[in-house]
Each structure stands twice: as C-alpha cells, then as structure tokens.
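Fold and contact review
The lines below spell out each chain.
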Amino acid sequence: MDCFPAEAQFKYPWRTYQARVLAELDEHLGDNRLHIVAAPGSGKTVLGLEVVRRLNRPALILAPTLTIRDQWVERFVNLFLPETEQRPDWISTDVREPGFVTVVTYQALHVACAGGTESEEAEEEAGNDRYAGDDDLREDAPVATGAAARLLREHRIGTIVVDEAHHLRSEWWRTLRGVCSAMSDATVVALTATPPYDVSPFEWERYRALCGPVDAEVPAPELVLAGDLCPHQDYTFFSTPSAEEAARIHAFRAEVERVVGALKQDVEFIGALQNHPWLAAPDASLERILDDPEYFSSIVIFLNSVGGRVPPQALRILGAADRELPPFDLEWCEVLLERCLYRYRGQFADQDALLQSTERELKRVGAIERRQVRLRSTERIRRILASSISKLNSMVEVVRLESAALGRDLRMVVLTDFIRAADLPGGPEDIKPLNRIGVVPIFERLRREGLDGPSLGALSGSLVIVPRRAQDKLVECAADMGIAAERINLTALPYDPDYLRLEIAGAEASVVVQLVTRLFSAGAITVLVGTKSLLGEGWDAPSVNTLVLASFVGSYMLSNQMRGRAIRTQADDPEKTANIWHLVCVEPDAAEPGDDLETLKRRFRAFMGPALDEPVIESGIGRLGIGAAPYSEVRVREINRWMIERAEDRAGLREAWREALQRGTQMRTAEELRAPVLSLPRGFVFANTIAALFWEGVFIGGYLALDVGEGLLDLGALPPKWYLTLASLAFLLCAVAAAPRMLKALWLLVKHGSIESSMRQVGGVVLRALTHVGAVRTPEHKLAVMAERGPTGEVYCALAGGTTYEKTVYLDALREVLDPIDNPRYLLSRKSVLWSIHRQDYHAVPGVIGARKEFAEFFAREWRRNVGAVELIYTRTVEGRKVLLKARTGAMSSAFRPASERVSCWR
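Residues numbered from 1 in each chain as written. Predicted model: local features only at pLDDT ≥ 70, side-chain atom pairs only at ≥ 80, totals over all residues. Heavy atoms only, no water.

**Considering the sheet that holds strand β7 (residues 216-218)**
Strand order in the open sheet formed by seven strands is β3-β4-β2-β5-β6-β1-β7, with parallel pairing between adjacent strands. Each edge of the sheet is formed by a strand with only one pairing partner; in this case those strands are β3 (91-92) and β7. The sheet contacts of helix α3 (residues 44-55) involve β1 (33-38), β2 (59-63), β5 (159-163) and β6 (187-192), and relative to β6 the element is tilted by about 170°. Strand contacts of helix α5 (residues 106-113): β2, β4 (101-105) and β5, with the helix running at about 95° to β4, the strand carrying the most contacts. (Pairing = 2+ DSSP bridges. Helix = DSSP H or I, 4+ residues; strand = E, 2+ residues; numbered from the N terminus. Contact = heavy atoms within 4.5 Å. Axes fitted to C-alpha atoms, helices over the stretch in contact; angles between N-to-C directions.)

So, in structure tokens, the structure goes:
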C-alpha cells in the first residue's frame, strides 16, 4: 500500500483551532516538525490523524499507554473510515509487523528495538516511572535500535507521531532519539497538553530538538469559549493531621528545637565558629567564601543571633550591618549544619566529638536524609501530610455534598496512586483499620459511611469492584461489547454481599476499563475510585462531572492530565460543568504549613480557571483566595465552608466563565509574569530620584528664602512697597534655583509614570536585548510589551505577538531581572544618594543575554537609555564576586521581597 484510500476522510466539521492549524500546515512544516499544545479533550488525536493522512506516507504513531494506543486506532476507524469498515489490515499495532499506519506504545518500541520480548502491559500500573531528566539525557551511550528499527527504515516510515512525549521514561527517550536519528528525513508530529516548561534549560532544549518549537498553543479558555471544553472550577478541601499524625509531627518539631537550642548555647561550637578561618581572615579567604557564600552567611547570622562577636570585615564583605542581618531560622540552620557536618567537616577537627554527637541526634530524630539536613520538613513528614487519613474524611464530605447537589446525575471519579489491596477485608470479622490512602481504603471509607444515593465502584489493573445493583446493566453492556456471559466472573465480597468483584477470563485490562466505563456513563456506578496510572491519562469518559485528586503527584504534566478527565464536554448534556477537588493536609498554625500545600501550588501553575472572587481567568493558587499561612483550625473550616458554597453553585460557575470570557477577546499570551511592586526599579527611582530631586529643590529654594529674609531684616525699616518687591524677588530666585531639579523630577515622573509604565520600560529593555542576541526572531514591530496593575498592587507583564517559545524565553529573562540574585555572569548595579544616605540595588543580566560581553553591554546601554543609570559588573573577577556576594545576601535572606510568578491569564 502506497497511500491512504480515497474514502479515508474525516466525517465531521473541524473545530476552530483545528481548522486554523490545518490551514497553516505548510508553514508549520517548514522545519519538518509540527508541535501542537492543546488542553486535554481538545481533539489533538483527531488533528494528528488528519495530519498523518495529509502527509500520506507510512506513519509510526507512538502512545504512552495501551489505552491511548487503542484510542488512536478507534478514532481512525470510527471517524475516518466508512461505517461498515472494520480495522483494515494496513493499520498495525505490532512494531515487528508494521503497516501503512503502525500504532504502538513507547514501551513496545523500546522492547523491540532492544531486541527483547518484555510485555508492554506492565506500564499501565507502574505508577512510579522515573521520567527522563538531565542525567538520563546526557548519556552518550549508543542506542541499540536492532532489527525493529531496520524494519521501520525498510518500510519507509515518513511520519512519526509522538503523543505526550513530554514525560517519557528515560529508556524510552533514548530509544526514540535513536529511531528518529535513523529516520532523520521523517516528519515529526508532536502533540501534548502539557509541554515541560518547568524543566531545566538543558532538558527543554532536548525536548525542543525532538519536537521543534511550539507551532500552535490552544489554551483551555479558548476551548471553553468554543464549546469544546465545559466550564470547570478547582476547589480545595483542607484538613489537618489526625491526633496521632500531629503527635508525630510535633515530636519531630520539639526534637529539632531542642537540638538547635542546645547548639545555640554550646560554648564550644560558638567558639569554633568565632575562630573559623573565614572569619579570622575574611579577606584572605575571599575566594573560598565566594565559592560558598551561603555557608559564610550562615556562620555570620548564627553568631549574630547568639550575641557572638562578628568581625567588621565579615559584615563589610556581606555589605550589611549586624542589625540588617536576617534572623537565624531553620533554613539558615540547615545550611550551617549541613556544611559543618559534611562538606567542611575537616575545618572542625578539634570539635569532631561535638559534631558526631549532633549528627547522631539529628539522625535519631530523622532530620538527616542522604547526608542532607532537614529541619523544616522531612520525607516522613511529607508522607504523613500527603497520605493523612484526614483526607478520607475530606472525601466523605465531598461525596456527600456533590451527591446532594447532583443526585443520580453525579459522575464522580476519585484518582489515587496505589491500590492497597492488602487493606481489603477478608471477611465480616476482618474489618481492617484505614490508616493510609489508596483505592481500597477510599472505597472502604465511603462504603462504611453508608451514604444514601451514591453507587460505589473501584477500578484498577488488578482489582475491580462493582455494586450488586449494577449487575444487570453490566451483563447488558458486556453483551453489547461481545463479551460472552460465561467469561464474566462476579464474586460477592466476603464481608459485604452488596458489592461484587469482577473478573473477565482472557480479557485485557483495556476491555475491563471499557466495560466499567460504560457502567459509569450509564449511571450504574456514580462514584468510581481508581488509580491515576490506569485512568489518569487517555481514559475517555465525557460524563465525568466531578473529580477528586487524591494523588500525591505534583508535576505540571501528570496532574494536568488527570484533571483533563473531567473537563471534556458531553454531547447529551450541553449544560455540563465540572468540579475538580484537591485534597490538602496542612499543619495548623504553622508558618510553613507543609509540603502538601507546596505540591498543590505546583499543580496550580498549570491549571487555568476563573477566580472565585472576580471575573478573571488565570492560573495559580491565588485565584482561589485561600490566602497565606498560617492556617488555624478555625480558618481551615472557613475555607472549606467557602469552597462548599461555591461548589454547590454550578449555575454560578457557568456565569463566571461567561462573564470572564466576555471580558477578554483572546488569549493574549500563554503566560504572564506577575511581579510584586518591590521588585521593580520604579520604586527605587521614585523614592531616591524623583522624590530626592523634588525635595532638594524645595530645600534649596527655602534656604534662599531664609537668606533673603535675613538680609531684609538687616536693612532695617523700609517702606511697605519695598518689602513686597523684595519678597517677590526672593520667590523668583528660589524658583530659578529649584527649577532644574524640579523639572528633572517632573520629567522622570512623566517618563516612568505609573507602575505599569515602569514594568513596560523594563520589559522593553529585555525584549530589545533578546531581539539583539537572536533569542527572539519575530520582527520587533510585530511585538508589544503589555503591562497592567493587579487588584492587590502586583503588576502583570506579557509579550504580545511572537511564538510560544519566544514568550517563554522572554518571561524567563524578565523574571531573572526582577527576582532575587542567583549567580549571573553580569549584574546591573544601581546607586543613589539621598543627602548622606547611600543606597544600592542590583538586577541580574539574564543568562541568555549575559552569555557574551557585547550582549550584556547592549543590555546595560538600553537600561541607561530607558530606565536609569546603572553600572555593568562582571561577576567572574574577584572584585565582581565581592559585589555578587553583597547582591546575593539579600536574596538568601528569608526577609527578601516576594519573587515574581509566571501565570497564565485570559485578558
């Protein structure tokens, strides 16, 4: 077969974004790559199939799981071929016997290319796959492409489709690289809902090298506006640890406090630090200090906190007075102890017994993990919060409220990480305690609650439970699928005859999933508990209207895939809305409430939706209005009550989407930068330039007025008209003297204007520099820096125009300028003098600009021309590193200004 049959045509109208991409296909394929980013449920599979059909060459389609592989085949047969057509023999699912279209999993390709025979089924329930990171991708070991790859070359594969290639396991990635290299003339079509924007620059470049730059990105709001996704909202349900869990956390905190307290009173340890060679002769130790400024700062901050002697030279190097040093908190203590115990142990040879004792104490309380000191949170505490049994109670509350709101229309899915089959009771007398999160514990907690209304089921690769009342519907659906009744085995649970364990002889997992999905869609099951690995990606059940994420996964990619199960539209329910619930456990009244909340914050970087208190659509946890820590027990209950009230109002959710979508005309950019006002140089300009010039003019004028007044008094009595004339003359002299400074202040005020104007000026400098270095190639007249003020004073900045990749580079560079200093090659130093007070501030030159001296100099010139006077400092010299150390001192302080945040926003 040399081409697709003429009758292979898509049967339905294209969605707006699909038609747009197809119309621009020739332009996008100029680099032999097509890279599409679109939200889950947007129809990427169908678009990919149409691209394959139009390219009309033998194609290899790669999917991450068997479920998704089968969906590709099913979509092509049902949507592109005549209704009477069965799967043609030119569509293959065996890489060793390729057809004109070959659809396989990455695992199958890897096994075949390595010459193995491992089954590809194992990947479905793996759940803990390690995805390719920098170390994996840097390996230069040759990839064994084997006979399978040679067969694909012989088959003249001309199109390679990589579906969700953003989170491949490392061995899959190496195999894919080898296959693509062997077929270098093939067109690569990359489809994903979640490009890995949050990975390292190296990994992003590897990903981009395979997939090419993003050609089109379709955000969720555009798809809701077009009716391709339903209105949806994220909600949190907070809980606090159980009494037993809280006691374990408190015991750890108390032990840490005791160890740190003893250390702060240990005369021997304090003396050792006071006699530390870096403090005794800081100038002579400058190179070593600059190699690890955090350690040096931790020593100084510790000694300052305990009233120890800090040499003036040390403070001079840090560029701070003792009263300006941050408090010695647990974060600084982690730095100090980790260096003393491990990296610089040799510096404390005379105190080795003390260090051994401290190390033993920290190990005993669990505060050392893999030679890293963990005083604020440990892996054990993270697990306690993530798998807190308090979340089981949260699930009961969510099921209760959603069931009351939707009744028999409820279609809820609870996704979690593990099955926990051992927690399944063996009989009526074997009712096990529920003390962890998993499919069985969640199912059991809901079953034992005896809720009226919901019909419970459980679905995983090795355990399937259905309610007895669904038995007749199950037999009916199985018959429709061609599953013979004798193959179906239904066994009552030994402790509850109202529930049946389902097994189908000789059936693949995908068949069981399809059967249970039909039961769920028909309403025979209304609450389905399953594993994220089986249902989290590629599972197609448009009827889902409520999702509970009881998973520990916090990555941008997997969490967005799970969320995508619920936001699909449903043909027979045009009014569908979806509620997505996120369960989080926090330490009450703690300044740092725990890693579980941090996981939630990471998730929300990828989630767009309407804010709960204003008609705007954006990403980030801030749109939920949960505020900042600490969270008291009372506040937790208030937050939950607020979430419940909003979740019950599904009509209000539809209206919130309608109003927010009407306020914006398009998705202006995939992402914006939300920066606190303090990070802008404008505050420095106003406080130390405009205000200074203004008041200098006033004081100079006032001084002259007093001087003239004294002269008048010396002249003695004069006629009244002379006093008026002389007063007018004095006023005129004052105005002339003050005018230069006042006019300059006025000019700066006009130039810098509002907060938004200052952000546009800084953003414009970054854009011109990126264009100059070639990182942004779109002509400058087609680009615009957009900035506006947020409701709470923050500033939003975005790049209008350009490619998605250029916007990503731009926001990364702008964030480097505004955020705390790390380790840039070049710095911008801004100084001001207000009377006798000298102030200095620093901004990093973004890495892509600071890679070459001439680029950094161009950036500095543009800054001087458009923002204000600065000095460019190269930080790789001794003097430059001194300045860098001063600049980083504030960045390392816990009291440093808030960092900027990248958000997606519909405007």
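**Let's talk about the pairing of strand β11 (residues 412-416)**
In regular strands, side chains alternate between the two faces of the sheet. For β11, the buried fraction is high: five of the five residues fall into the buried class. Residues M412, V414 and T416 of β11 are buried on one face, and the alternating residues V413 and L415, pointing to the opposite face, are buried as well. Direction of pairing for β11 relative to strand β16 (residues 527-531): parallel, over a ladder of five bridges. Paired with M412 across the bridge in β16 is V527. Relative to strand β17 (residues 546-550), β11 is paired through five bridges, and the arrangement is parallel. Residue L415 lies in a different strand from β17, and its bridge partner there is L549. (Buried < 20%, exposed > 50% of the residue type's maximum accessible area, 1.4 Å probe, protein only.)

**Focus: unusual backbone geometry**
The omega angle of the peptide bond from A629 to P630 is 5°, so this bond is cis rather than trans. Position of P630 among the secondary structure elements: in the loop between β20 (617-619) and α27 (633-648). One non-glycine residue, N32, lies in the positive phi region at around 65°. Residue position: N32 is located in the loop between α2 (25-28) and β1. At R370, a residue that is not glycine, the phi angle is positive and equals roughly 50°. One can find R370 in the loop between β9 (368-369) and β10 (372-373). Accessibility expressed as a relative area gives 72% for R370, which makes it exposed.

**What about the packing of aromatic side chains?**
By the definition in use, this model includes 20 aromatic pairs. Arranged with centres 5.0 Å apart and planes meeting at 90°, the rings of F4 and F100 form a pair that is edge-to-face. A residue pair is termed long-range when its members are at least 10 positions apart, and F4 in the segment before α1 (16-23) and F100 in the loop between β3 and β4 qualify at 96 residues. The same class applies to F4 and to F100, which are both buried. (Phe/Tyr/Trp six-rings, centres within 6.5 Å; stacked < 30°, edge-to-face > 60°.)

**Overview of the environment of L60**
Secondary-structure assignment places L60 in strand β2. Sequence spacing of L60 and V103 is 43 residues, and the spatial spacing of their C-alpha atoms is 6.1 Å. Dropping the residues within four chain positions of it, L60 is found in contact with T102, V104, L152, I157, T159, I160 and V161.

**Description of the confidence of the model for the protein**
Overall, the prediction assigns the protein a mean pLDDT of 82, with 80% of residues at 70 or greater. In this model residues 682-697 is a low-confidence stretch, pLDDT under 50, and it forms 36 contacts with partners more than four residues away in sequence or in other chains. Residue range residues 891-897 is modelled with pLDDT below 50. Its contacts to residues more than four positions away, or to other chains, number 19 contacts. (pLDDT = per-residue confidence, 0-100.)

**Side note on the packing of helix α22 (residues 471-480) against helix α23 (residues 509-522)**
Put simply, α22 and α23 touch, their axes get as near as 9 Å, and they point 125° apart. In terms of orientation, α22 and α23 fall into the oblique class. For the element pair α22 and α23, the recorded crossing hand is right-handed. Within the contact between the two elements, α22 uses K473, L474, C477, A478 and D480 and α23 uses L515, R518, L519 and A522. Classifying every residue of the contact of α22 with α23 by side-chain character gives six nonpolar, no polar and three charged. (Parallel < 35°, antiparallel > 145°, perpendicular 65-115°, else oblique. Left-handed = near helix turned anticlockwise from the far one by under 90°. Nonpolar A, V, L, I, M, F, W, Y, C, P; charged D, E, K, R; others polar.)

**Topic: the pattern of salt bridges**
As enumerated under the stated definition, the model contains 43 salt bridges in all. Between R563 and D234 there is a salt bridge whose closest N-O contact spans 2.8 Å. A residue pair is termed long-range when its members are at least 10 positions apart, and R563 in helix α25 (residues 556-563) and D234 in strand β8 (residues 232-239) qualify at 329 residues. D234 sits in the buried class, given a relative accessible area of 0%. Here the salt bridges do not stand alone but share partners, grouping E255, R258, E361 and R364 into one network. (Salt bridge = Lys/Arg side-chain N within 4 Å of Asp/Glu carboxyl O.)

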